[in-house]
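Single-letter residue listing:
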Amino acid sequence: MIEEKKKVTNIHRPHSHQQTQTDARKEAAVQKQRRGLKKRMTALTVVTAFVVILMGITLFSQWQTIAANNEEQQQMEEQMVNLEDKEADLNQQVEDYNDLDYIAEVAREEYYLTKEGETLYKLPESDSSN
């Protein structure tokens, strides 16, 4: 029989060692990328959390300001209603004091003034309990 040669490849140690170093470098590069990714993700998370907290504080502050302004507006509206009522009373008084009959009536009641030839009699007020 004819001898058949077996094809066998010899493994050279230097080549195998070089391939192991290449694999180790690739693994180190992957690990470095992962560490960089973790750092970036951590930094992004911290920045995002800071922005969310800052926005929350700002929104809460604005909400308090709006609530205070609404309360102040309500108080001012109540004060305005009171002042409008007071203004109406004062306008009525101005009209009354421009009327000579009203002035004469006030003078008689409060200052006991009389017209010429008039006599004023002050009667005691009746007690409603009797």
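Quick notes on the rules
Residues numbered from 1 in each chain as written. Predicted model: local features only at pLDDT ≥ 70, side-chain atom pairs only at ≥ 80, totals over all residues. Heavy atoms only, no water. Helix = DSSP H or I, 4+ residues; strand = E, 2+ residues; numbered from the N terminus. Buried < 20%, exposed > 50% of the residue type's maximum accessible area, 1.4 Å probe, protein only. Patch = residues over 30% accessible without salt bridge, like charges linked within 9 Å, V, L, I, M, F, W, Y side chains within 5 Å. Areas by Shrake-Rupley, 256 points an atom, 1.4 Å probe, with all protein chains shown as cover. Salt bridge = Lys/Arg side-chain N within 4 Å of Asp/Glu carboxyl O. Phe/Tyr/Trp six-rings, centres within 6.5 Å; stacked < 30°, edge-to-face > 60°. UniProt positions renumbered as here; feature names shortened; annotations may be inferred. Lys, Arg positive; Asp, Glu negative; His and termini not counted. Charge placed at Lys NZ, Arg CZ, Asp CG, Glu CD. Expected span 1.5 Å × (residues − 1).

S.K.: Help me get a handle on the overall build of the protein, residues and values and all.
M.R.: Within the protein, the secondary structure is distributed over 2 helices and 0 strands. Each of the 130 residues in the protein was classed as buried or not, and the buried ones make up 2%.

S.K.: Explain a nonpolar patch on the surface to me, using residue names and the numbers behind them.
M.R.: Taken together, the side chains of Val 47, Phe 50, Val 51, Leu 54 and Met 55 make up a nonpolar region of the molecular surface, amounting to roughly 480 Å² of accessible area. If you trace the backbone, Met 55 turns up in helix 1 (residues 13-97).

S.K.: Let's hear about the packing of aromatic side chains: which residues, and what values?
M.R.: The geometry of an aromatic ring pair is captured by the separation of the ring centres together with the interplanar angle, meaning the angle of the planes. Throughout the structure, instances matching the rule amount to 2 aromatic pairs. Aromatic pair Tyr 97 and Tyr 102: ring centres 5.5 Å apart, planes at 75°, arrangement edge-to-face.

S.K.: Provide a residue-level description of the UniProt feature "coiled-coil region" (unreviewed entry) in the protein, including the pertinent values.
M.R.: Taking the UniProt record as the reference, the feature "coiled-coil region" (unreviewed entry) is found at residues 66-100. The straight-line gap between the two end C-alpha atoms of residues 66-100 is 52 Å; of that span, 94% is helix and 0% is strand.

S.K.: Explain unusual backbone geometry residue by residue, including any values.
M.R.: A positive phi is found at Tyr 112, a non-glycine position, where the angle reads about 55°. Examined against the element boundaries, Tyr 112 turns out to sit in the segment after helix 2 (100-111). Owing to a relative accessible area of 46%, Tyr 112 belongs among the partly exposed residues under this scheme.

S.K.: Give a description of the pattern of salt bridges that names residues and reports values.
M.R.: Using the criterion set out here, one finds 1 salt bridge in the structure. Where Glu 118 meets Arg 108, a salt bridge forms, and the shortest distance between an N and an O atom there is 3.5 Å. Pair noted here: Glu 118 is in the segment after helix 2 and Arg 108 is in helix 2, with a separation of 10 residues, a long-range link. With relative accessibility at 36%, the residue Glu 118 sits in the partly exposed group. Judged by relative accessible area, which is 29%, Arg 108 ranks as partly exposed.

S.K.: Residues and numbers for a negative patch on the surface, please.
M.R.: A surface patch of like charges, here negative, comprises Asp 99, Asp 101, Glu 105, Glu 109 and Glu 110. Looking at where Glu 110 falls in the secondary structure, it is placed in helix 2.

S.K.: So, helix 2: which residues are in play, and what are the values?
M.R.: In a regular helix each residue adds 1.5 Å, so 12 residues correspond to 16 Å; helix 2 covers 15 Å between its end C-alpha atoms and thus fits that length. Tyr 112, located one to two residues past helix 2, shows a positive phi value of around 55°.

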